[in-house]
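Tertiary structure, described
Below are the chains, spelled out letter by letter.
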Number of protein chains: 2
Amino acid sequence: MNNNRYCVIMAGGSGSRLWPASTTACPKQFMDIADTGKTSIRSTFDRFSSLIPKENILVVTVRKYKDLVLQSIPELDESNLLLEPYARDTAPCIAYAAYTLYKRNPDATMTVTPADHLIEDEEAFRESVTKAIGFAEDNDILMTLGITPTRPDPNFGYIQITGGSAATQKEGAIKVKTFTEKPDVSLAKVFIGSGEFFWNSGIFIWKAGTIIREMERHMPEVTRVFSGWEHAIGTPMEEEFISRAYTDCIKISIDYGVMEKTDKAWLYPARFKWSDVGTWESLYGCIGEKDCNGNICNTAKSLTEDCSDTVMYSDTKDKLIAVKGLDNYVVIDTGRALLICPKDDRKLKEFTARLSMPGFENYR
Amino acid sequence: MNNNRYCVIMAGGSGSRLWPASTTACPKQFMDIADTGKTSIRSTFDRFSSLIPKENILVVTVRKYKDLVLQSIPELDESNLLLEPYARDTAPCIAYAAYTLYKRNPDATMTVTPADHLIEDEEAFRESVTKAIGFAEDNDILMTLGITPTRPDPNFGYIQITGGSAATQKEGAIKVKTFTEKPDVSLAKVFIGSGEFFWNSGIFIWKAGTIIREMERHMPEVTRVFSGWEHAIGTPMEEEFISRAYTDCIKISIDYGVMEKTDKAWLYPARFKWSDVGTWESLYGCIGEKDCNGNICNTAKSLTEDCSDTVMYSDTKDKLIAVKGLDNYVVIDTGRALLICPKDDRKLKEFTARLSMPGFENYR
């Protein structure tokens, strides 16, 4: 395998949209929410191990999840575990990883991936990623893997591609016209109708040097907190330096901070079945078979009546879930908490946001 | 205490209306569903122990619940534990107990009580029962304790009393005009409006000889299966005899078989707070404090929004139950099963009746 190829697994998210299945004590990336037999972060590690040398796979997470990472990936060398003092969204996380890799190897090409995606066709995944890595190695660009949309989901970023010409399409990759943050459903419908849009998978591929230059150009408020820190990497000073840098750093996503502004974005259309496991709506269909009324249950036994389009989930796999009279709800049961709420993502988010009130500390 | 006074605790019910909190493996009488600190059958035993000699308290249950009875009442002598081969409703159960007691003591007065009632004012209870027992000892009548209705509940039997005269009211007891099996809500409203009706508490008091004569008169199809069996009582032949008798016996309630037909029914108005724990509707208010929207939750923590008149129950007492968008539902959670259903008793009964289908054996 090519020793200049690296993978950075981002594993610092709190997975609050899947509460109570996912909690801040054990977010979804450290769970096997779709019952695959492995935690999501372990699946991600294994998926990339066939493409990239294991010693070149890094994990970035927040400090409190260090033990959870090592439980899933005990063979991970601690020098490949970058610990953030607290979550600051994807841009600072990627900056931390990019500066680290650039110091290790100025020729590094890095594939950045969330830790919690569900990917069904591993062979197609490897083929897509390998081609995209090759393209990123040969070109001074920022590559993203685009997913063909199947529904007007307002929870994804959308990527518009340029029309076909020799300059904007080569080797299967397509130059990006615009990155669009989560649109509303009606706009998402227009996007899908146009045929020009892909979902942003959140998987990015680029040379460490390229992303550093683009971050310094478009996001200097982030990169300046890291400037002059290279001497600290891999020394006992790293933790202190990172604590200081993160304290000063704004919370910002790489999409908003760089991808929407750069003229170097390209897209490779992914050919694998994918779920970002971001919401119950996106997980819908991945955790069980739909019955004829569109209900899904992950447990051994369910009984429904006057019930439709409802997700039923329990971490007690042999539990019977018996539901009458719910339409388009989620029913999420764990040993600690039970959530029953309309499946609408906005309602879910607003309702579970109330857990930030005092008194719910033990349940978040 | 008067040695002619006996108590018969009926503990053979399967409590299916409170499924899944109550299951056939452990019905509600062997649980502490209202979180009082004791199982219901233990509370019933203790309540009567202050009125009736302990050695005169009998329990009738089906054979499979023998161990559950003895777990709650380890001091119960096995000669006071009458085991039915299967449940045949209250009439055969009462016949078995009445013939047993009459053989032991022809002067026996028996108080018959369900094992699962919730009674809040124990002092008032003792006072009411003591007066009713005294009246039954002095008169050749069938006494019932009547509960003043608080809502037009269609799940209770209703008892109409006669108008006042010296012949029909004495020592606080009132002669009964009619027993009415569960009416519909509109009829129940009329009953309550008239001021002439009480709920049938299911607690009966009579001399063993009196109830035997009334059963033989109104319900010979039941008593004939027991005829000639007295020689078997307390011998190794009892179990075999009872198995044969129950096989031949119809399933019938004492209300339908005797109380609706007899002219010997009297009522003593109970002055204690009572719930028959028969349905979630009747338990409503006994398992927790209502919030301002009429929701009740028995666990340490709940979070509700757009939610009203809903019962939330879990056997995991520190579980958070978070519910949005349910009106008049029950949400019942146990380690084995989760039920979400409109609170309407008929809908609940019809829905949970589907558990009799194959495949649900382990969950009933």
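Refer to the preceding data block for the structure.
Residues numbered from 1 in each chain as written. Chains lettered and ligands numbered in written order. Predicted model: local features only at pLDDT ≥ 70, side-chain atom pairs only at ≥ 80, totals over all residues. Heavy atoms only, no water.

Moving on, we get to the packing of helix H3 (residues 90-104) of chain B against helix H8 (residues 238-248) of chain B. Working note: a packed helix pair is described by the angle between its axes plus the distance between those axes. Residue and element names in this part refer to chain B. One way to put it is that H3 packs onto H8 with a least axis distance of 12 Å and a crossing angle of 150 degrees. Looking at the two axes, H3 sits roughly antiparallel to H8. Remark: the crossing between H3 and H8 carries right-handed chirality. Residues Pro-92, Cys-93 and Tyr-96 of H3 lie in contact with H8, whose contacting residues are Glu-238, Ile-242 and Tyr-246. Counted by class, the contact of H3 with H8 contains five nonpolar, no polar and one charged residues. (Axes fitted to C-alpha atoms, helices over the stretch in contact; angles between N-to-C directions. Helix = DSSP H or I, 4+ residues; strand = E, 2+ residues; numbered from the N terminus. Parallel < 35°, antiparallel > 145°, perpendicular 65-115°, else oblique. Left-handed = near helix turned anticlockwise from the far one by under 90°. Contact = heavy atoms within 4.5 Å. Nonpolar A, V, L, I, M, F, W, Y, C, P; charged D, E, K, R; others polar.)

Each side of the interface is counted separately: chain A has 37 residues, and chain B has 37 residues. Summing both sides of the interface, chain A and chain B together bury roughly 3,100 Å²; the carbon and sulfur share of this comes to 64%. Residue A:Lys319 is joined to B:Asp333 by a salt bridge in which the shortest nitrogen-to-oxygen separation is 2.6 Å. Our count for the contact surface shared by chain A and chain B stands at 26 residue pairs in polar contact (both at pLDDT 80 or more). Only strand E14 (301-305), strand E16 (320-324), strand E17 (329-333), strand E18 (337-342) and helix H11 (345-352) of chain A provide two or more residues apiece to the side of chain A that touches chain B. Looking at the side of chain A that touches chain B, its residues break down into 21 nonpolar, seven polar and nine charged. (Buried area = accessible area lost by both parts, 1.4 Å probe. Salt bridge = Lys/Arg side-chain N within 4 Å of Asp/Glu carboxyl O. Polar contact = N/O pair within 3.5 Å; in protein donor to acceptor, adjacent residues only side chain to side chain.)

Another point: the relation of the copies chain A and chain B. Overlaying chain A on chain B yields an RMSD of 0.0 Å, the required transformation being a rotation through 180 degrees with an accompanying axial translation of 0.0 Å. Such a combination of turn and shift is consistent with a two-fold rotation axis. Across chain A, the rotation axis passes nearest the C-alpha of A:Gly335, at a separation of 4.0 Å. Residue by residue, 100% of the interface of chain A is reproduced at the interface of chain B, so both copies engage with the same surface. (Least-squares fit on C-alpha atoms with pLDDT ≥ 70 in both.)

This paragraph deals with the side chain of A:Ser128. You can see A:Ser128 is positioned in helix H4 (residues 122-138). Leave out the neighbours within four places in its chain, and A:Ser128 touches A:Leu145, A:Tyr268, A:Pro269, A:Ala270, A:Arg271 and A:Phe272.

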